[in-house]
Amino acid sequence: MTSPTDDAGRRTAASADMCETDEEKAHRDDERVANRFPWELLLPFNPVKRRGHQADKRFPAMQTGWLSLPTFHWLNATIWQAMKRPLELTDLWRVHPRNKAEHAGGLVLQEWERQLKRHGGDGSKVSIQTCLFRPVRLRLLLVFLYMFFYSVLSFTGQAVFVHQLLRFAQKPACEDVDTTDGLLLVLGIFLNEIARAIAYAGYWYSSTDLGLRFRSAMAFVVYRKIMRLRNLATMTIGQLVNLCVNDGERLFIVGMTIGFAIQAPIVTVAVVAYTVYLVGWPAILGQLVILIFFLVMTVVGKLQASCRRKAIGITDVRVRTMNEILTYVKLIKMYAWEEPFSKYVAGVRDREKVELRKSAYCQALASSASQVMPSLATVVTLAAQTLSGGDLTVAKAFAILTAFGSLRLSLGALPFFVRAFSEARVAFPRLKELLLLPERVPVSDKMSDDNFAVEISHATFAWDAREAPSEGSKSLKKAVSKRKVSHGGAETKPVVVTKTANGVSCRGLNSNLHSASSQSTSGLLSEEIPDCLVDVSLAVRKGQLVGICGAFGSGKSSLLSALLGGMNMRKGSVSIQDSVAYVSQQAWIINASVRDNILFGSDLDMERYQRVLTASALVPDLAILSDGDMTEIGERGINLSGGQKQRVSLARALYAQQDVYLLDDPLSAVDAHVGSHIFNEFIKKELAGKTVILVTHQLQYLSSCDRVVMMAGGRLVDEGTYADLLAAKGDFYLLMEQFSLEEESEEKVAENRDDHGVQVGLSLYASKPPVGSDGNSADVDCDHDDSGVRDSRSDTESHKAGSPPVVLVKAEDRARGSIKWSTYMAFVRACGGPLSVFTLLFLALITAGTRAGADYWLSYWLRQGSGANSTAASGANATAASANDSANCSSSDGNIADNPRLELYIGVYFALAVALIMLSITRGMYAMFILLRGCSRLHDLVFRKVFRAPMSFFETTPTGQIINRFSKDMDELDALMPFAVGIVVRNSMSILLVVLFAVSVYPYLFPVLFVIILLFGLVYRVYIVFVRDIKRLDGITRSPYISHLTATVQGLSSIYAYRKTGEYCTTFDRLLDRNSACFLAFRLSGRWLACRLDILVSVIVTATALVLVLSRGSIDITLGAVALAYVVQLGTLLQLTVRMATELEARFTSVERLNYYATQLDEEAPEHIEETMPHDSWPSAGAITFQNVCMRYREDAPLVLQDLSFTIKAQEKVGVVGRTGAGKSSLAVCLLRLVEIESGTISVDGLDVSTMGLNDVRSRFSVIPQDPVLFVGTILYNLDPFNRHTSDDIMRALERTHLKETIDALPDGLQTKVLENGENFSVGERQLFCMARA
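None of these values were measured; they are calculated from a predicted model. (Residues numbered from 1 in each chain as written. Predicted model: local features only at pLDDT ≥ 70, side-chain atom pairs only at ≥ 80, totals over all residues. Heavy atoms only, no water.)

Asker: Lay out the packing of helix α9 (residues 179-228) against helix α33 (residues 1005-1050) in plain terms, naming residues and giving numbers.
Answerer: Working note: a packed helix pair is described by the angle between its axes plus the distance between those axes. Packing of α9 against α33 leaves a shortest axis separation of 10 Å and a crossing angle of 20 degrees. Accordingly, the angle class assigned to the pair α9 and α33 is roughly parallel. Note on packing geometry: the crossing formed by α9 with α33 is left-handed. When α9 is examined against α33, the residues R215, Y223, I226 and M227 are found in contact with a partner set consisting of Y1041, H1044, L1045, T1048 and V1049. Along the lines of polarity and charge, the residues of the contact of α9 with α33 split into six nonpolar, two polar and one charged. (Axes fitted to C-alpha atoms, helices over the stretch in contact; angles between N-to-C directions. Helix = DSSP H or I, 4+ residues; strand = E, 2+ residues; numbered from the N terminus. Parallel < 35°, antiparallel > 145°, perpendicular 65-115°, else oblique. Left-handed = near helix turned anticlockwise from the far one by under 90°. Contact = heavy atoms within 4.5 Å. Nonpolar A, V, L, I, M, F, W, Y, C, P; charged D, E, K, R; others polar.)

Structure (structure tokens):
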């Protein structure tokens, strides 16, 4: 009998199982399988028949047999699936639990914390390398063990076995030799090749696993640190994307290639020992050549690291600039600023190209040296041996040749690691800089009085320091002083700009926590940061409504940031209740439906939800949206008005049901009557009993607040009830008195205008009578909705009833099938056309031919022996000569050193080696030149096409997708494509000559090679289908986690306030792990092909050795030795070539994605049309006429303006009013042709704007945007980017917008730097700058 306790326990467990998600169950199941003994390894293949969905998605290598693991047989099912149909994400498995971001990154963070404690909290002494490598030390040891066995087996196969086989084959045909010895040597070569293949398979799997852990850990650590940051004081979005994506990729390559760091020393030691054993001290001279190579590699590696460091710093600038352009592309098009931004990006790209070219040339030099140094070492060793009179036989000579040949392959792999580690060394300090940034300290919830909800006691706060300019940004400084039309050197010199004590320029808090662009190589200037909030004391009782007022830049938003822990508290204390809701001054909207934005991860309570919609005044808006509250909102709320975005943000806060509400001027973005509704229904009614701190410039609401706080210069200058502050007649009284006078003045002006018959608002003429928003007649012509502006409620309801929700942001396009020939040709044209490619192939061919010629000359030299038989038959007549048994039995080649023509043979061999060096370097340099030229041209073409795309493209395409093209895809082209192409072209020519030489020496090999080539073609065809699909999935799954990262940075304060950091971290981990599955499948698929290739190559090597044994005495031993030496090296050469070739084709998916933008994106109308270009004085009067205008934002969207007609007379000042979504902003959109109208005409001063060039139209209008936008650069650049106005004009504009005193108080005046998103100015100051610019 069971006890009630047992029953209750089982019910609790069952309940927990029901609540557990499928993802959690899968994770728990994976952990269970990973932690148990892998009994499947006892059998060759996995005998388990998987059942159920979760088992099908488990990482296959977790339960596979001992033979299936090294042969990657467990990939077969997925590869065959790709042959049947294109792969989808559902076809892939989950990553191994040890490779998941949470596990890999968690170990690194634990090690970081351990090292911090060890060094007493001094992070500067902590080694990032230790934190990354120590958690994986056992895996690292396994990688080194596999590489050790692989290196030893490679050397024994290519040197020891070849030497013994040549000694056997060198014996005269008449000598009685047991053929069994030769066959045993052939068997030994075959078994050695198989063992070598297994060792390399183990190395590949282990190193790939290691690299993936580095990659996942990098992204995990970066994201977790972002979530804990107080603010992004020194990092930009571009840097963070590069850390997560590009630097994570570089760490992966370090893990993949780290074994090559020990391979070269191991093989070098073996070669030294073996050659010394063969020929004695002359081998030391050959090793000196290798030593020189290592010294050269050290210097080249340092140069390459320096160049890559500079290039990556400039890449950060380019990616950050692209993010800024994409974020504010609408404003850029309004101002017709495409030209200056294009020039700036082109300038940054030019500087990046210079560093990329230097790095590529260093890479070409290292790669070329690695190929020719063994040949040079062979020349020196043989020359020293012969010139010193030492004994040298054919067997010894070719043993030395094959030994140095094995070294060639090892040294050829070393540049992979040198390049990867030199680039990773750039990432290490960048990651360390991020980890050392100050973290957000949780605000205490302990109050001095239990009745308090918020308490600040004598606290002083400051913003974190900005960085001084680094060396990497010096090249960007020149444009600042010259005031060029380019981006003003915006990225050049991030400086410290903060608010002063008089409230001049203190930064206000935004949800967009971007920061200035600067490289992280110099120290922080904390001593230059003055206090922003000084000696603040404030106590707010539970349930109170506190209104905070003050001038622009007085510190109101900074006060809310301090309450959220976003500022550096230098003294005092701050406490706040746990449950906080925050509404930022600039609303943060996520790319999801309206409902999801409001719920923000909470469960749906329909009654509460409807109450929230009513209080937020969203009900009328949802009625006109295409799918109601299920309407998808684009990134940054691009398809919502400013008021709608703010009200969605308010609704999110209200639905969260928190105890404390921090509202940062939410009423400034809404109309007066909507603001009144929100204040009364939302703040006073729904938030009754809640603690509310309201920052506002709407002073009329302060009388309804329980308490009022006035701020000035970062201090609380007045505090109390509204009545008490008025009675005190202090600063607040003066502020309210001024406010009352301004209101009376505005009322008088309005009365005077009405008395004189001046038009109020905007006259609209249409077939329907004007009606107001409530359906009644309107006194003001513009305040109706059905005249010209369509009320689509009925259409919306019918749409909701019968149609699925309209998808605004479409999924990323994915190509199907093989990469089109047009993609390859597009890149060829960008590189300079077919002639450039043919030139590269020709250089590669003659380079490979020179190497083959050197080896043939060596065989000819050795064939001459001592010179006594100089007229002996050549290799072509060797068979006939061997018929003379007596000659063969009695003759001997003698000592090669005794040949009287020795100096000639050595001289020609040395000349060929020098020619090989020159040709190799020339080929490498030329390859890098044309390939980088192609990458740069493709970048420029894609940038122009994206910049010229219509606004509908930016509204429906997530920024992450576009940034992915300009960051990861461009990085693959810039950093990886030239390297891969160079190796493939070089090795392909070498393989071609090897095959031709082997067949010419051993014609019997031709049938074997023919069959093997057919088999390889079939295997490759199966493989390439899989690898193309998986690489495309890799690109598609990369964009979401980049978008998630950028969205997180933009909404960091909101995420923290709502305590959603855990959910966002979980989502990021899930997106990253999904991409890791695709990434891992792509990397491991290369080894699947290599394993099958190993089998085919082993057959070729065995067949060649067998023919050499069986044809002993009938084939010239010197030519046979060269052929055998070539074929033995063929395995490693083919592996590297095929792997790089398949990766190269996979890299072309990046070209494919970029080329899609270059060829498939729609373009706007021409910038200039000569025939209709207006006069320089146009528009001289400013009369605007809309005639029967109809407009919709997208083809699948309803009409926003319908048959709209009105006229604005010259020099009239017209106010346009109407409810949210009525079409007010759409008028400016049509006038500036951001969206082309569907029908009708728009004319200005009698000229139809649709017939003119876009730049000619947009550049003639001044625009004050709804959302204040400042670009990175100087204040002067933001005010006058084209340098068209005098300093007096600019100062007058500043005076009229009340900014002159602010500018005068800044140390650098107009040359003061504007940080990313204008963060060193408050939102109000930004708006004033926009007005001054207009």
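Asker: If you had to explain empty space enclosed by the protein to someone new, which residues and values would you point to?
Answerer: Of the pockets and cavities examined, the second largest cavity occupies roughly 220 Å³. Elements supplying a minimum of two residues to the lining of the second largest cavity: α10 (237-257), α15 (394-435), α32 (959-1001) and α36 (1117-1160). Sort the elements by how many residues they give to the lining of the second largest cavity and α36 lands first, with four residues. Broken down by class, the residue content of the lining of the second largest cavity amounts to ten nonpolar, one polar and five charged. (1 Å grid on protein atoms, 1.4 Å probe; cavity = no way out; pocket = protein on both sides within 12 Å on 5 of 7 lines; lining within 4 Å. Points joined across faces, edges and corners; volume = space filled by probe spheres on them.)

Asker: Now, about the environment of N1075: what can you tell me, with residues and values included?
Answerer: Relative to the helices and strands, N1075 is located in helix α35 (residues 1061-1110). Among the residues examined, N1075 registers a relative accessible area of 0% and is labelled buried. Each residue touching N1075, except ones within four places of it in the same chain, is listed here: R215, D1034, T1037, R1038 and Y1041. Among the polar contacts made by the side chain of N1075, one reaches the main-chain carbonyl oxygen of D1034 at a distance of 3.0 Å. There is a polar contact of 2.8 Å between the side chain of N1075 and the side chain of T1037. (Buried < 20%, exposed > 50% of the residue type's maximum accessible area, 1.4 Å probe, protein only. Polar contact = N/O pair within 3.5 Å; in protein donor to acceptor, adjacent residues only side chain to side chain.)

Asker: Break down the sheet that holds strand β8 (residues 707-712) for me, with residues and values.
Answerer: An order of β5-β6-β7-β3-β8-β9 is seen for the six strands of this open sheet, with the pairing classed as mixed. Because the sheet does not close on itself, it has two edges, and the strands there are β5 (580-583) and β9 (715-720). Neighbouring strand axes in the sheet, compared pairwise and without regard to direction, differ in orientation by 15 degrees on average. In the sheet, strand β6 (residues 660-664) pairs with strand β7 (residues 691-695) via five bridges, with the strands oriented parallel. Paired with D664 across the two strands is V695, which belongs to β7. The strands that helix α17 (residues 556-563) touches are β3 (545-550), β6, β7 and β8; relative to β6, the one it contacts most, it runs at about 150 degrees. The sheet strands contacting helix α21 (residues 642-656) are β5 and β6, and the helix crosses β5 at an angle near 180 degrees. (Pairing = 2+ DSSP bridges.)

Asker: I'd like to hear about the side chain of S967, residue by residue, with values.
Answerer: Here S967 lies in helix α32. A residue is classified by how much of its surface remains accessible, and S967, at 1% relative accessible area, is buried. Within polar-contact distance, the side chain of S967 engages the backbone oxygen of I963 at 2.7 Å. Filtering out sequence-adjacent residues up to four positions away, S967 remains in contact with V241, N246 and V319.

Asker: Which residues make up the nonpolar core, and what values go with them?
Answerer: One broad rule of soluble globular proteins: the nonpolar side chains tend to lie buried together. Ranked by internal contacts, the top residues of the largest apolar core, which has 322 residues, are F72, I598 and V946. Once you skip the residues sitting within four places of it in the chain, I598 turns out to touch Y609, V612, L613, L618, V648, A651, R652 and Y655. One finds V443, A453, L560 and I693 within the second-largest nonpolar core, a separate group that totals 31 residues. (Core = buried A, V, L, I, M, F, W, Y, C linked by side-chain atoms within 4.5 Å.)

Asker: Break down the sheet that holds strand β10 (residues 1184-1191) for me, citing the residues and quoting the values.
Answerer: The four strands are arranged β11-β10-β12-β13 in an open sheet whose pairing can be described as antiparallel. Either end of the sheet is taken by a strand with one partner, and the two such strands are β11 (1201-1208) and β13 (1247-1248). Relative to β11, β10 is paired through five bridges, and the arrangement is antiparallel. By the bridge assignment for β11, M1191 is matched with L1201.

Asker: I'd love a proper account of a nonpolar patch on the surface, names of residues and values included.
Answerer: Together, V276, W281, I284, L285, L288, L291 and L295 make up a nonpolar patch on the protein surface, roughly 650 Å² of accessible area in all. Secondary-structure assignment places W281 in the loop between α11 (260-279) and α12 (282-327). The exposed category is assigned to W281, whose relative accessible area is 54%. (Patch = residues over 30% accessible without salt bridge, like charges linked within 9 Å, V, L, I, M, F, W, Y side chains within 5 Å. Areas by Shrake-Rupley, 256 points an atom, 1.4 Å probe, with all protein chains shown as cover. Salt bridge = Lys/Arg side-chain N within 4 Å of Asp/Glu carboxyl O.)

Asker: Could you give me a rundown of the pairing of β3, with the residues and numbers involved?
Answerer: The two faces of a sheet get side chains in turn, since along a regular strand they alternate between them. Counting buried positions over the six residues of β3 gives six, a clear majority of the element. Because side chains alternate across β3, one face comprises the buried residues L545, G547 and C549, and the other comprises V546, I548 and G550, equally buried. Here four bridges tie β3 to β7, and the two strands are oriented parallel to one another. Considered in β7, the bridge of V546 is made with I693.

Asker: Before we move on, can you summarise helix α19 (residues 606-615) with the specific residues and values?
Answerer: Since there are 3.6 residues in each turn of an α-helix, residues three or four apart along the chain are aligned in direction. Along α19, the residues classified as buried are R608, Y609, V612, L613 and A615. In a view along the axis of α19, the buried residues occupy a sector of 165 degrees, so they form one face of it. Against the buried residues of α19 lie α18 (594-599), α20 (619-624), α21 and α22 (672-686). Once α19 finishes, A617 follows within two positions and takes phi at roughly 60 degrees, a positive value. (Arc of directions from axis to C-beta.)

Asker: Which residues make up the pattern of salt bridges, and what values go with them?
Answerer: For the coordinates displayed, the defined rule picks out 41 salt bridges. Ionic pairing is found between D209 and R213, a salt bridge with its closest N-O pair at 3.0 Å. You can see D209 and its partner R213 sitting in helix α9, four residues apart, about one turn around the helix. The two residues D209 and R213 agree in class, both being buried. R611 is the salt-bridge partner of E686, the closest N and O atoms lying 3.2 Å from each other. In this pair, E686 sits in helix α22 while R611 sits in helix α19, placing the two residues 75 residues apart along the sequence. The exposure class of E686 is partly exposed, given its relative accessible area of 21%. In the salt-bridge network here, residues are joined through shared partners; they are K333, E338, K945, R948, E1163, E1164 and R1258.

Asker: Provide a residue-level description of a positive patch on the surface, including the pertinent values.
Answerer: A contiguous patch of positive charge, built from K302, R309, K310 and R425, is present on the exposed surface. Among the elements that line the positive patch, the one with the most residues is α12, at three residues. With respect to the element layout, R309 can be found in helix α12. For R309, a relative accessible area of 35% puts it in the partly exposed group. (Lys, Arg positive; Asp, Glu negative; His and termini not counted. Charge placed at Lys NZ, Arg CZ, Asp CG, Glu CD.)

Asker: Which residues make up helix α26 (residues 821-831), and what are the values?
Answerer: Of all the positions in α26, only T823, A826, F827, V828, A830 and C831 are classed as buried. Positive phi shows up at G832, right after α26, with a value of about 125 degrees.

Asker: Explain the packing of helix α27 (residues 834-864) against helix α30 (residues 902-947) residue by residue, including any values.
Answerer: For the pair α27 and α30, the least separation of the axes is 9 Å and the interaxial angle reads 160 degrees. By the angle between their axes, α27 is roughly antiparallel relative to α30. As α27 runs across α30, the sense of the crossing is left-handed.

Asker: Break down the packing of aromatic side chains for me, with residues and values.
Answerer: Throughout the structure, instances matching the rule amount to 37 aromatic pairs. A centroid spacing of 4.6 Å and a plane angle of 40 degrees characterise the contact between Y150 and Y200, whose relative ring orientation is tilted. With Y150 in helix α8 (residues 137-170) and Y200 in helix α9, the pair connects residues that are 50 residues apart, well separated along the chain. Each member of the pair, Y150 as well as Y200, is classed as buried. (Phe/Tyr/Trp six-rings, centres within 6.5 Å; stacked < 30°, edge-to-face > 60°.)

Asker: Describe the environment of I456, and please don't skip the residues or the numbers.
Answerer: Tracing the chain through its elements places I456 in strand β1 (residues 452-462). Residue classification places I456 among the buried residues on the basis of a relative accessible area of 3%. Setting aside residues up to four positions removed in sequence, I456 forms contacts with F461, V536, S537, L538, L559, L563, S573 and V574.

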